[in-house]
Number of protein chains: 4
Amino acid sequence: MPHHADPAMQECITACLDCYSTCTSMAMNHCLMLGGEHVAKDHFTLMMACAEICRTSAHFMLIGSPHHKHTCAECAEICEQCADDCERLGDMDDCVAACRACAESCRRMAA
Amino acid sequence: MPHHADPAMQECITACLDCYSTCTSMAMNHCLMLGGEHVAKDHFTLMMACAEICRTSAHFMLIGSPHHKHTCAECAEICEQCADDCERLGDMDDCVAACRACAESCRRMAA
Amino acid sequence: MPHHADPAMQECITACLDCYSTCTSMAMNHCLMLGGEHVAKDHFTLMMACAEICRTSAHFMLIGSPHHKHTCAECAEICEQCADDCERLGDMDDCVAACRACAESCRRMAA
Amino acid sequence: MPHHADPAMQECITACLDCYSTCTSMAMNHCLMLGGEHVAKDHFTLMMACAEICRTSAHFMLIGSPHHKHTCAECAEICEQCADDCERLGDMDDCVAACRACAESCRRMAA
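What you are looking at is a predicted structure, and each value in this text was computed from that prediction instead of being measured.

We now examine the interface of chain C and chain D. The interface of chain C with chain D comprises 20 residues on the first partner and 20 residues on the second. Counting the surface lost from both chain C and chain D, the interface buries some 1500 Å², and carbon and sulfur atoms represent 65% of this. Contact with chain D buries area across many residues of chain C, yet E52, I63 and H67 of chain C alone supply 30% of it, more than any other trio. The interface formed by chain C and chain D contains zero salt bridges. Our count for the contact surface shared by chain C and chain D stands at nine residue pairs in polar contact (both at pLDDT 80 or more).

Turning our attention to the interface of chain D and chain A. Chain D puts 20 residues into the contact, and the matching count from chain A is 20 residues. Summed over both partners, the interface of chain D with chain A buries about 1900 Å², with 56% contributed by carbon and sulfur atoms. Inspection of the chain D/chain A interface yields zero salt bridges. When residues of the side of chain D that touches chain A are traced back to their parent elements, those giving at least two are α1 (7–34) and α2 (41–62) of chain D. The residue inventory of the side of chain D that touches chain A, partitioned by class, reads eight nonpolar, nine polar and three charged.

Once that is clear, we can look at the nonpolar core. By size, the foremost hydrophobic cluster in this structure holds 186 residues, and its most contacted members are F44 of chain A, F44 of chain B, F44 of chain C together with F44 of chain D. Filtering out sequence-adjacent residues up to four positions away, F44 of chain B remains in contact with A27, M28, C31, L32, H38 and V39 of chain B together with M28, L32 and F44 of chain D.

Next up on the list: the environment of A98 of chain C. All names here are of chain C. Looking at the secondary structure, you find A98 in helix α4 (residues 93–110). The spatial distance from the C-alpha of A98 to the C-alpha of C86 is 11 Å, given a sequence separation of twelve residues. With near-sequence residues (within four places) excluded, A98 lies in contact with D18, C19 and T22.

Looking now at the environment of Q81 of chain C. The residue Q81 of chain C is located in helix α3 (residues 68–89) in this model. Accessibility expressed as a relative area gives 35% for Q81 of chain C, which makes it partly exposed. Spatially, the C-alpha atoms of Q81 of chain C and S57 of chain C are 17 Å apart, while their sequence positions differ by 24 residues. Filtering out sequence-adjacent residues up to four positions away, Q81 of chain C remains in contact with L46 of chain C together with H67 of chain D.

Residue and element names in this part refer to chain A. Applying the stated criterion to the full structure yields 36 salt bridges over all chains. In this structure, E80 and R100 form a salt bridge, with 2.7 Å as the shortest nitrogen-oxygen distance. Here R100 lies in helix α4 (residues 93–110) and E80 lies in helix α3 (residues 68–89), a separation of 20 residues in the sequence. A relative accessible area of 22% places E80 in the partly exposed class. For R100, a relative accessible area of 26% translates into the label partly exposed. Among the charged side chains, a salt-bridge network with shared partners connects E80, D84, E87, R100 and R107.

Analysis parameters
- Residues numbered from 1 in each chain as written.
- Chains lettered and ligands numbered in written order.
- Predicted model: local features only at pLDDT ≥ 70, side-chain atom pairs only at ≥ 80, totals over all residues.
- Heavy atoms only, no water.
- Contact = heavy atoms within 4.5 Å.
- Buried area = accessible area lost by both parts, 1.4 Å probe.
- Salt bridge = Lys/Arg side-chain N within 4 Å of Asp/Glu carboxyl O.
- Polar contact = N/O pair within 3.5 Å; in protein donor to acceptor, adjacent residues only side chain to side chain.
- Helix = DSSP H or I, 4+ residues; strand = E, 2+ residues; numbered from the N terminus.
- Nonpolar A, V, L, I, M, F, W, Y, C, P; charged D, E, K, R; others polar.
- Core = buried A, V, L, I, M, F, W, Y, C linked by side-chain atoms within 4.5 Å.
- Buried < 20%, exposed > 50% of the residue type's maximum accessible area, 1.4 Å probe, protein only.

Below is the structure:
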C-alpha cells in the first residue's frame, strides 16, 4: 500500500477501489443477468459512471495530485446517486453499501 | 465515431483523447528523456493528472453520462494549469497547444 | 500527436482510440437503448472487453513500452471476435468497421 | 467484493489492484522524489506498464470476460520483469513484494 499517503488517504483509496470493483462487477454480471430495469439506460450508465469516477479518484490519490480533492468531491456525489438508485431497484445491497462508504470517505477527503 | 453525441460533444471527445495522447506520450518519452526539471515531481504529476482527467472526461461523454459536465469542468481547469506549466518550462509546444484546445472545448461542454 | 511514435504506430494508436470510442459509445447507448440480444451478457461483455483492451493497447504505445506488441496481439484477437459478434447481431456496422480496422492495425504492430 | 468471482479469482483481483496501487504510488512519488536511476526511461516505463496491465487484468476479471486468462498471462510476465528491475535498483521492497505476489496469482489464473 502507498507510503506517500497518510492513513485517511489510504482508507479513501481502498474505499474507491472497493466501490469501483463492486459497481463494475455488479453491473456487468448481476445486472446483465437480471435484465429488465437493471439494464435500463439511466441506471446502468450511473453504475458505470460511478465505477469510472472511483477508479479515477483512486488514481489521483495514488499519483499524489492535489486535484484529488476535486475528483473526490465529484466521486462522493456520483456514489450517493448510485446508492440511491440501487436502493430504489432493490437486490443491490452490496453496491449500496460500497457506494455509501466511498461517498463518506470521499467527502472527508474533499473537505 | 459515437452517434449518440452531437457535433460539439464529438469535437470535445476528440480534443480530450488528443490531449490525453499528447500528455501521456510527452511525459513518458520526451520528459523522461530530457530529465531535470521535466521530471520534477510537481510538473510530471500535473502532466499525468492531465492525461488521466482527459481520458476520464472522454469516457463520461462516450458512456452518455450527464455527469460529463462536472468532469469536463475539472478537465478544463487541469488542462489550463498543465498548459501554463509546460509553457514555463519551454520545449513543450505540442502539449501547450493540445491542453489549450482541450480546455476551451471542455469549458464549452461544462457550461 | 505523439512524436516518439513512427507513422505505423501513430496510425495504430488512432485505430485503437477510435475502436475504444466506438465500442464504448455503441454498447452504452445504442445497445442499452435497443435491449434484447444487444444486452445479452456475452455480447455486451465482449464489447466492453474490446473497448478496454483498445484503451490499454493505445496506452502501452503512448508510454513507449516494448510490451505493446503483446497487448496489440491480444487486442487484434478480441477485436476480430467483437466484429464477428456485431456482424451476427446486425445493426452494428460502425462497430464492425472500427473493430476490423483496429484488428488489422494491431496485427501489423504485433508482428 | 464481486460475487460472480470464485475465491481464486477474488484473490487475483485483489492482488492486481494492490500491485497497481503500489507501482503507481511508488513510481509517481518515491521514484520521482529520488530521481537518478529511478526516473530512467526504461525503469519508469516498466513500472507504469506494470501498473496499467494490473489495472486492466483486474478489470477483465471484474467484467467477467473469458479473455482475462490472456491479460493475466501478460500481467504475470510484466510483473516478474518489474520485480526483477526493482530488486536490481534496490530501495523498492514493497514494489518487489506486490509484483511477485501478483505474478504468482496471475499465473494460476492464466493456467
